[in-house]
Amino acid sequence: MSNTKKGLVMSISVGAAMGIANAMGNFPANMGFSQFIGWLSDCFAVPGMLLTGAGVLILIAEGGFFDIFSYSIKKLVSGRDFGGGYGEYKCRREKKRLAYSQTLFVGLGFLFASVILCFVYEMAV
């Protein structure tokens, strides 16, 4: 299985686990159809917001925004030069970098499902 598929499966699994945890915490005993749809919308909204936020941070990190911080901390802690300064360090980091932006798309998918269920809830009420 490729890294993209592993990341996609992992993101969906984490989102489902968060949705189930949210569902277990606020499951009402007696509810009608409209209350069930509203509850289900909440269960999709929480993992959607968290995964979208994590996906945005991952996307920023993939662009190399945090490289200067990791370079300076590693240089301060180890006290050695990384051979060529920050420019070469950044080039080496870009070669090792993996793309995990699917977390953003999974989070947006959860949010989209939540919005659709919210519209259904509003129509049912």
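Before going into details, it helps to say that this report is about the structure given with it. If you're wondering where the values come from, they're calculated on a predicted model, not measured in any experiment.

### Quick notes on the overall build of the chain
Point 1. Scanning the chain from terminus to terminus reveals five helices and zero strands.
Point 2. Beginning at the N terminus, the succession of helices and strands in the chain can be written as α-α-α-α-α.
Point 3. Taken against the 2.2 N^0.38 rule, which gives 14 Å for 125 residues, the C-alpha radius of gyration of the chain at 20 Å runs more than 25% over that of a compact globule.
Point 4. In terms of overall dimensions, the chain has C-alpha extents of about 65 × 25 × 25 Å along its principal axes.

### Let's talk about the packing of aromatic side chains
Any pair of aromatic rings gets described here by the distance separating the centres and the angle formed by the planes.
Point 1. All chains considered together, the criterion is met by five aromatic pairs.
Point 2. With a centroid separation of 5.1 Å and an interplanar angle of 80°, the aromatic rings of Phe 65 and Phe 66 are classed as edge-to-face.
Point 3. When the centroid spacing of 6.2 Å and the interplanar angle of 65° are considered together, the rings of Phe 65 and Phe 69 count as edge-to-face.
Point 4. Its relative accessible area of 52% is what places Phe 65 among the exposed residues.

### Overview of a positive patch on the surface
Point 1. Judged by side-chain charge, Lys 74, Arg 80, Arg 92 and Lys 96 come together as a positively charged surface patch.
Point 2. Residue position: Lys 74 is located in helix α3 (residues 67–78).
Point 3. The exposure class assigned to Lys 74 is partly exposed, which follows from its relative accessible area of 38%.

### Points about the packing of α3 against helix α4 (residues 86–96)
Point 1. Running from N to C, α3 and α4 cross one another at 115°; their axes reach a closest spacing of 10 Å. When you trace α3 past α4, the crossing you get is right-handed. Every residue of α4 that contacts α3 at Asp 67, Ile 68, Ser 70, Tyr 71 and Lys 74 is listed here: Tyr 86, Tyr 89, Lys 90 and Arg 93.
Point 2. Along the lines of polarity and charge, the residues of the contact of α3 with α4 split into four nonpolar, one polar and four charged.

### Examining the packing of helix α2 (residues 33–62) against helix α5 (residues 102–124)
Point 1. Direction vectors running N to C along α2 and α5 enclose 155°, while the axes themselves pass 7 Å from each other. Here α2 lies roughly antiparallel to α5, going by the angle between them. As α2 packs across α5, the resulting crossing turns out to be left-handed.
Point 2. Taken together, the residues of the contact of α2 with α5 sort by class into 22 nonpolar, ten polar and no charged.

### Here's the deal with a nonpolar patch on the surface
Point 1. On the surface, Val 56, Leu 57, Ile 60, Phe 65, Phe 66, Ile 68 and Phe 69 cluster together into a nonpolar patch covering about 630 Å² of accessible area.
Point 2. Breaking the nonpolar patch down by element, the ones donating at least two residues are α2 and α3.
Point 3. Structurally, Ile 68 is set in helix α3.

### Regarding α5
Point 1. For α5, built from 23 residues, the straight-helix expectation of 33 Å at 1.5 Å per residue is met to within 8% by its first-to-last C-alpha distance of 33 Å.
Point 2. Listed as buried for α5 are Gln 102, Thr 103, Leu 104, Val 106, Gly 107, Phe 110, Ser 114 and Leu 117.

Conventions we followed
Residues numbered from 1 in each chain as written. Predicted model: local features only at pLDDT ≥ 70, side-chain atom pairs only at ≥ 80, totals over all residues. Heavy atoms only, no water. Helix = DSSP H or I, 4+ residues; strand = E, 2+ residues; numbered from the N terminus. Rg over C-alpha atoms; globule rule 2.2 N^0.38 Å. Phe/Tyr/Trp six-rings, centres within 6.5 Å; stacked < 30°, edge-to-face > 60°. Buried < 20%, exposed > 50% of the residue type's maximum accessible area, 1.4 Å probe, protein only. Patch = residues over 30% accessible without salt bridge, like charges linked within 9 Å, V, L, I, M, F, W, Y side chains within 5 Å. Areas by Shrake-Rupley, 256 points an atom, 1.4 Å probe, with all protein chains shown as cover. Salt bridge = Lys/Arg side-chain N within 4 Å of Asp/Glu carboxyl O. Lys, Arg positive; Asp, Glu negative; His and termini not counted. Charge placed at Lys NZ, Arg CZ, Asp CG, Glu CD. Axes fitted to C-alpha atoms, helices over the stretch in contact; angles between N-to-C directions. Left-handed = near helix turned anticlockwise from the far one by under 90°. Contact = heavy atoms within 4.5 Å. Nonpolar A, V, L, I, M, F, W, Y, C, P; charged D, E, K, R; others polar. Parallel < 35°, antiparallel > 145°, perpendicular 65-115°, else oblique. Expected span 1.5 Å × (residues − 1).

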